[in-house]
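Residue-level structure breakdown
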Amino acid sequence: MPDVVTAPPGPSWSTRLDRLGRERPDVVLVAPYMAYLLLLGLTRLVPPTWLPAAHAVRGVGPLLLVWLLRRHLPPWGRPHWPLAVVAGFLAAGLWYYGQYVFDAIGLGGRLPIYPGEKTLIDPRDALGTGRLFWAAVILKIAVAVTAVPIVEELFWRAFLLRALISWSHFERVALGQFGWLSFLGTSLLSTLQHPDNWAVSILCWLLYNALFCWTRSLLCLMLVHAITNLALYIHVVRVDDWAFW
């Protein structure tokens, strides 16, 4: 009776992930951000009672992807805590008060290339003011100060700033290297992510880009981004101004 020849087992998922990380450094930096954007739509599809769970999934999913690809991430650098705290509060104030300035001069509407009008959505209309509301609020803020800064800084600062300097070999470009096209281009492209706050988005991205070119630290920018979001959302809830929610 002939011997049965069995095929050797294929590479494990971790081996495949490592190979992907080595061969496609762009995917390592872009995939968590894309996952976040895809899961962002989940909060609009679920009924109100499932909104806290949707926020949790939106945060955990991209962070899990970052953790799986962690061996192939660029160095994060130093935190620069004093600078990060000051810059984070400055950016939050710029975003909040700057929006009202742009509203006053007629530049506060929705980005013209986007359809529809900017609308105010008060979460209390769907969630009430009880435990469900506070669960959704707390989880949304938690995602805004954890997952959002990490995935966005990996995409905008670690990838796109360098890719607009050398698209084919961005990984050879040093973190924080300055280039006018990348410095201004990413600031303009940020308006696609923030169509209802496009003018202040440009200003904040210019600030973030300048900080990154100065510190060359992803960790510092992640902290700045997290503090910006935390200060902004806490202020929104405290003063009951849901235009920024």
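In what follows, the structure referred to is the one given above.
A brief report on the enclosed structure follows.

Cut-offs applied
Residues numbered from 1 in each chain as written. Predicted model: local features only at pLDDT ≥ 70, side-chain atom pairs only at ≥ 80, totals over all residues. Heavy atoms only, no water. Helix = DSSP H or I, 4+ residues; strand = E, 2+ residues; numbered from the N terminus. Buried < 20%, exposed > 50% of the residue type's maximum accessible area, 1.4 Å probe, protein only. Lys, Arg positive; Asp, Glu negative; His and termini not counted. Salt bridge = Lys/Arg side-chain N within 4 Å of Asp/Glu carboxyl O. Contact = heavy atoms within 4.5 Å. Phe/Tyr/Trp six-rings, centres within 6.5 Å; stacked < 30°, edge-to-face > 60°. Patch = residues over 30% accessible without salt bridge, like charges linked within 9 Å, V, L, I, M, F, W, Y side chains within 5 Å. Areas by Shrake-Rupley, 256 points an atom, 1.4 Å probe, with all protein chains shown as cover. Axes fitted to C-alpha atoms, helices over the stretch in contact; angles between N-to-C directions. Parallel < 35°, antiparallel > 145°, perpendicular 65-115°, else oblique. Left-handed = near helix turned anticlockwise from the far one by under 90°. Nonpolar A, V, L, I, M, F, W, Y, C, P; charged D, E, K, R; others polar.

As a further point, take the side chain of Arg-162. For Arg-162, the location among the structural elements is in helix H8 (residues 147-163). Despite its burial, Arg-162 pairs with no opposite charge; the closest candidate is Glu-171, at 7.1 Å N-O. Among all residues touching Arg-162, those that are not within four sequence positions of it are Leu-29, Pro-74, Arg-157, Phe-170, Glu-171, Val-173, Ala-174 and Leu-175.

Relative to the helices and strands, Thr-215 is located in helix H10 (residues 198-215). In this view, Thr-215 contacts His-80, Leu-83, Cys-220 and Leu-221; residues no more than four positions away in its chain are not counted.

Let us now look at the pattern of salt bridges. Two side chains that carry opposite charge are able to pair once their charged atoms sit near each other. This model, assessed by the stated rule, comprises 7 salt bridges. Put simply, Asp-18 and Arg-71 hold a salt bridge, and the shortest N to O gap is 3.3 Å. Of the two residues, Asp-18 is situated in helix H1 (residues 13-23) and Arg-71 in the loop between helix H4 (51-68) and helix H5 (81-104); the sequence distance between them amounts to 53 residues. Overall, the relative accessible area of 61% leaves Arg-71 in the exposed class. Among the ionic pairs, Asp-122 bridges to Arg-124, the shortest N-O distance being 2.6 Å. By relative accessible area, Arg-124 is classed as partly exposed at 29%.

What follows covers the packing of aromatic side chains. Applying the stated criterion to the full structure yields 19 aromatic pairs. Plain terms: the ring middles of Phe-159 and Phe-170 are 5.0 Å apart, the flat faces sit at 85° to each other, and that makes the pair edge-to-face. Of this pair, Phe-159 sits in helix H8 while Phe-170 sits in the loop between H8 and helix H9 (180-189), and the two are 11 residues apart along the sequence. In this structure, Phe-159 and Phe-170 share a single accessibility class: buried.

A word on a nonpolar patch on the surface. A surface patch of nonpolar side chains, about 330 Å² in accessible area, is lined by Val-60, Leu-64 and Trp-67. Within the fold, Val-60 resides in helix H4.

As a further point, take H9. Residues Ser-182, Phe-183, Gly-185, Thr-186 and Ser-187 constitute the buried set of H9. Residues of H9 that are buried sit in contact with H8 and H10.

When two helices pack together, their arrangement is given by the angle between the helix axes and by the axis-to-axis distance. Put simply, H5 and helix H11 (residues 218-239) touch, their axes get as near as 7 Å, and they point 45° apart. Classified by the angle between their axes, H5 and H11 sit oblique to one another. Between H5 and H11 lies a crossing whose hand is right-handed. Along its contact with H5, which presents Trp-81, Leu-83, Ala-84, Val-85, Ala-87, Gly-88, Phe-89, Ala-91, Ala-92, Trp-95, Tyr-96 and Tyr-97, the element H11 presents Cys-220, Leu-223, Val-224, Ile-227, Thr-228, Ala-231, Leu-232, His-235 and Val-239. Partitioned by chemical class, the residues of the contact of H5 with H11 number 18 nonpolar, 3 polar and no charged.

Our focus in this paragraph is the environment of Asp-103. Note that Asp-103 resides in helix H5. Taking C-alpha positions, Asp-103 is 9.7 Å from Asn-197, a pair spaced 94 residues apart along the chain. When residues no more than four places from it in sequence are discounted, the contact partners of Asp-103 are Gly-108 and Lys-118.

It is worth spelling out unusual backbone geometry at this point. In the Ramachandran plot, His-80 falls in the positive-phi region, its phi being about 50° despite a non-glycine side chain. For His-80, the location among the structural elements is in the loop between H4 and H5. With phi around 65°, Asp-240 is a residue other than glycine that occupies positive phi space. With respect to the helices and strands, Asp-240 occurs in the segment after H11.

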